[in-house]
Amino acid sequence: MDARLEAIRDTVLARNPGEGEFHQAVTEVFESLGPVHDRHPEFLEGAILERLCEPERQIIFRVPWVDDAGRFQINRGFRVEFNSALGPFKGGLRFHPSVNLGIVKFLGFEQIFKNALTGMPIGGGKGGSDFDPRGRSDAEIMRFCQSFMTELYRHIGEYTDVPAGDIGVGGREIGYLFGQYKRITNRYESGVLTGKGISWGGSLVRPEATGYGTVIFAEEMLKTRGLSFDGQRVVVSGSGNVAINAIAKAQTLGATVVACSDSSGYIVDEAGIDVALLRQIKEVERGRLKDYEARRSAVTYVDGGSVWDLDATVALPCATQNELDGAAAARLVRHGLLAVGEGANMPSTRDAVAVFQEAGILFGPGKAANAGGVATSALEMQQNASRDSWSFAHTEERLTEIMVGIHDRCAATADEYGDPGNYVLGANIGGFVKVADAMLAQGLI
Ligand code: NDP
Ligand code: 2IT
């Protein structure tokens, strides 16, 4: 890492002790930015990096709620409003027991650059809670969401901060959150949340957008080597919103997706995953992946273990951070891997990224490859602002244009900085320069 940047990075790490994922995200971005600072000394004079690493505002709050047995429960809520240079803070809410301030800060930091890459007018933020939705009834989820919003409402707004979903937060949760916001504020402010239902201000394609976008991005990478998804053997991790829609899109393009996972195990379905059955189990019945095995022939369920023990030509990690390590990456490379598209945020460890890059694997980092979700959230905001709703075909066309645009910008930036095919470099520099220019123009704030 460039010595000037390393000194700033060390200060950031020292002032944010114990936040390993945040340190990892900051270090990875800083490693790309040396050459930009040679060309743009004004970014150092303007303390851009120091300001970028210090969120504009961090909110931590108590979330009290009552479970079905009448017991009082206390969780912790977070919203980190990281950077508003390009637009209102924008980013999802994650409900998972692993959520803490460091996780929210890593996600919010990544979101700044991701949102800049989309070309849409959105800043970066993230939030969530250590609430565990697993096994909770609808009524418990509703009471939790209502309590969460009873504090959050005062910090968000169409022009201020616009949350959406992430792990553990989908259409059901956004509905309860929106209802409580409307009740407290007495405003039908559609643009305050994205990922809403279609009949009340949501956008078509938003549910599919992250998974579809990841595959569109990976397809563009494959095209640079005269390849495509057609005929590829694909392994996906996760079986949530991003994973399911990535599986669907990859198979539409002619790939066979032979496996996917959840935190308990994985299924292997050599004939190609039956997406309708998977949606029924996960989205309708809210069941576990294990249930898939009994309902389709020639399927194996592996309890525990890692889906990255399987062979694939294309790997799409769509579960969570640091799920794919250096050893798994090396094994995949030895067994014929061509490309990786990160549907999740930071799913590959730093070792894994190094293995992929040294082996010349096409590697699409999350902040570029999974930007289709937030980009379509911005399209939802656009529809809300104009009180309009677009067709599926039109919205999908916009998503495709945006993803191809992100791919091309990352590739062109990597070329410009002398490292063709390095999408990590392209994404980090491409996102950073846009935000840094806006921050300089807006003065020291
Ligand atoms: P969901 O809650 O819909 O699904 C999450 C999936 O990942 C589940 O299958 C879950 O399994 C698995 N998972 C979660 N945590 C772990 C863990 N610690 N170990 C193993 N598996 C785990 O979330 P999404 O699909 O929305 O999000 C997946 C990833 O994509 C996240 O990294 C998220 O930040 C990222 N992302 C999401 C976007 C969106 O629009 N939703 C946009 C861009 C990125 P289980 O049910 O067993 O917990
Ligand atoms: O990580 C992400 O980009 C998301 N969870 C989606 C954020 C959004 O505002 O749609």
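Scroll up to find the structure this text is about.
Everything in this summary refers to the structure shown in the same document.

## Looking at helix α17 (residues 392-416)
Taking 1.5 Å per residue as the helical rise, α17 with its 25 residues ought to reach 36 Å, and the 36 Å between its terminal C-alpha atoms agrees with that figure. Taken residue by residue, α17 has Thr395, Glu396, Leu399, Ile402, Met403, Gly405, Ile406, His407, Cys410, Thr413 and Ala414 as its buried positions. Here the buried face of α17 lies against α6 (101-118), α9 (206-223), α10 (241-252), α15 (366-369), α16 (372-385) and α18 (423-441). Of the residues flanking the end of α17, it is Gly418, one or two places downstream, whose phi is positive at about 80 degrees.

## A few points about the site of ligand 2
By nearness alone, 14 residues border ligand 2, and Lys90, Lys114, Asp166, Arg206 and Ser377 come closest of all. At 3.0 Å from an oxygen atom of ligand 2 is found a side-chain nitrogen or oxygen belonging to Lys126. For ligand 2, whose accessible area on its own is 300 Å², the fraction buried by protein is 94%. Elements with a contribution of two residues or more to the shell around ligand 2: β3 (89-95), α6 and α16. Split by residue class, the shell around ligand 2 holds 2 nonpolar, 7 polar and 5 charged.

## Topic: the site of ligand 1
Every one of the 25 residues lining ligand 1 counts as a neighbour, but Asp166, Thr210, Ser263, Arg288 and Asn345 are closest to it. With respect to ligand 1, the side chain of Arg134 contributes an N or O atom lying 3.5 Å from an oxygen atom. Gly168 is positioned such that a nitrogen or oxygen atom in its backbone is 2.9 Å from an oxygen atom of ligand 1. Coverage of ligand 1 by the protein chains reaches 82% of its 890 Å² of free accessible surface.

## Some thoughts on the sheet that holds strand β6 (residues 233-237)
Pairing within the open sheet is mixed, and its 7 strands lie in the order β9-β8-β7-β6-β10-β11-β12. With one partner strand each, in any of the chains shown, β9 (300-303) and β12 (362-364) form the two edges of the open sheet. Across the sheet, the mean angle from the axis of one strand to that of its neighbour is 15 degrees, orientation sign disregarded. Judged from the 4 bridges that link them, strand β8 (residues 265-268) and β9 form a sheet pairing that is antiparallel. Within the sheet, the bridge partner assigned to Tyr266 lies in β9 and is Val302. Contacts between α10 and the sheet are confined to β6, β7 (256-261) and β10 (314-317), with β7 contributing the most and set at about 170 degrees to the helix.

## A closer look at the pattern of salt bridges
Within this structure, the stated rule accounts for 32 salt bridges. Note that Glu283 and Arg279 form a salt bridge whose closest N and O atoms lie 3.3 Å from each other. Here Arg279 and Glu283 lie together in helix α11 (residues 275-284), a separation of 4 residues that amounts to about one turn. In the salt-bridge network here, residues are joined through shared partners; they are Asp2, Arg4 and Asp38.

## Focus: the sheet that holds strand β1 (residues 57-66)
On the basis of which strands lie adjacent, the open sheet formed by 5 strands has the order β1-β2-β4-β3-β5 and mixed pairing. Because the sheet does not close on itself, it has two edges, and the strands there are β1 and β5 (161-164). Strand after strand, the sheet turns through a mean of 20 degrees between neighbouring axes, direction not considered. Contacts between α6 and the sheet are confined to β1, β2 (72-83), β3 and β4 (124-129), with β4 contributing the most and set at about 150 degrees to the helix.

## Overview of the pairing of β1
Across 10 bridges, β1 lies against β2 in antiparallel orientation. Residue Val63 lies in a different strand from β2, and its bridge partner there is Asn75. The loop that links β1 with its antiparallel partner β2 comprises 5 residues; one of these, Gly70, has a positive phi angle of about 85 degrees.

## Section: α16
End to end, α16 covers 20 Å across 14 residues, agreeing with the expected 20 Å (1.5 Å per residue, within 8%). Burial of α16 is extensive: 12 of the 14 residues sit out of reach of the surface. Gly372, Gly373, Val374, Ala375, Thr376, Ser377, Ala378, Leu379, Glu380, Met381, Gln383 and Asn384 are the residues of α16 that are buried. Here the buried face of α16 lies against β3, α6, β5, α9 and α17. Looking at the residues trailing α16, positive phi occurs at Arg387, about 50 degrees.

## Some words on the packing of aromatic side chains
Scanning the model with the defined rule gives 17 aromatic pairs in all. Where Phe43 meets Phe432, the ring centres are 5.5 Å apart and the plane angle is 90 degrees; that geometry is what we call edge-to-face. Within this pair, whereas Phe43 is found in helix α4 (residues 41-45), its partner Phe432 is found in helix α18, the two being separated by 389 residues in sequence. When sorted by exposure, Phe43 lands in the same class as Phe432, which is buried. Here Phe178 and Trp200 contribute two aromatic rings whose centre-to-centre distance is 5.6 Å and whose plane-to-plane angle is 25 degrees, an arrangement assigned as stacked.

About the cut-offs
- Each chain carries its own residue numbering, running from 1 in the written order of its sequence.
- Each chain is given a letter, starting from A, and each ligand a number, starting from 1, according to the order in which they appear as written.
- Owing to the predicted nature of the model, reporting of local features is limited to residues with pLDDT of at least 70; listing and counting of side-chain atom pairs is limited to 80 or more, with chain, interface and lining totals taken over all residues.
- Remark: hydrogens and water are excluded; side-chain values derive from all non-hydrogen atoms of the structure.
- Counting from the N terminus, the helices are the DSSP runs of H or I reaching at least four residues and the strands are the DSSP runs of E reaching at least two.
- A helix is expected to span 1.5 Å for every residue after the first.
- When accessible area is computed with a 1.4 Å probe and restricted to protein chains, residues below 20% of their type maximum are described as buried, those above 50% as exposed, and intermediate ones as partly exposed.
- Contact between two residues is taken to exist if any of their heavy atoms lie within 4.5 Å; hydrogens are not considered.
- A single heavy atom is enough: if one lies within 4 Å of a molecule or strand, its residue is considered near that molecule or strand.
- For this analysis, a polar contact is any N or O atom pair within 3.5 Å, provided that within protein one partner can donate a hydrogen and the other can accept it, and provided that sequence-adjacent residues contribute only side-chain to side-chain pairs.
- Note on areas: Shrake-Rupley with a 1.4 Å probe; residue coverage comes only from the protein chains shown.
- In this classification, Asp, Glu, Lys and Arg are treated as charged, Ala, Val, Leu, Ile, Met, Phe, Trp, Tyr, Cys and Pro as nonpolar, and every other residue, Gly included, as polar.
- Two strands are counted as paired when DSSP detects at least two bridges linking them.
- Comment: axis = line fitted to C-alpha atoms, over the contacting stretch for helices; angle = value between 0 and 180 degrees taken between N-to-C directions.
- Salt bridges are defined by distance alone: a side-chain nitrogen of Lys or Arg within 4 Å of a carboxyl oxygen of Asp or Glu.
- For this analysis, a ring pair means two rings from Phe, Tyr or Trp (six-membered ring only for Trp) whose centres lie within 6.5 Å, classed as stacked if their planes differ by under 30 degrees, edge-to-face if by over 60, and tilted for the remaining angles.

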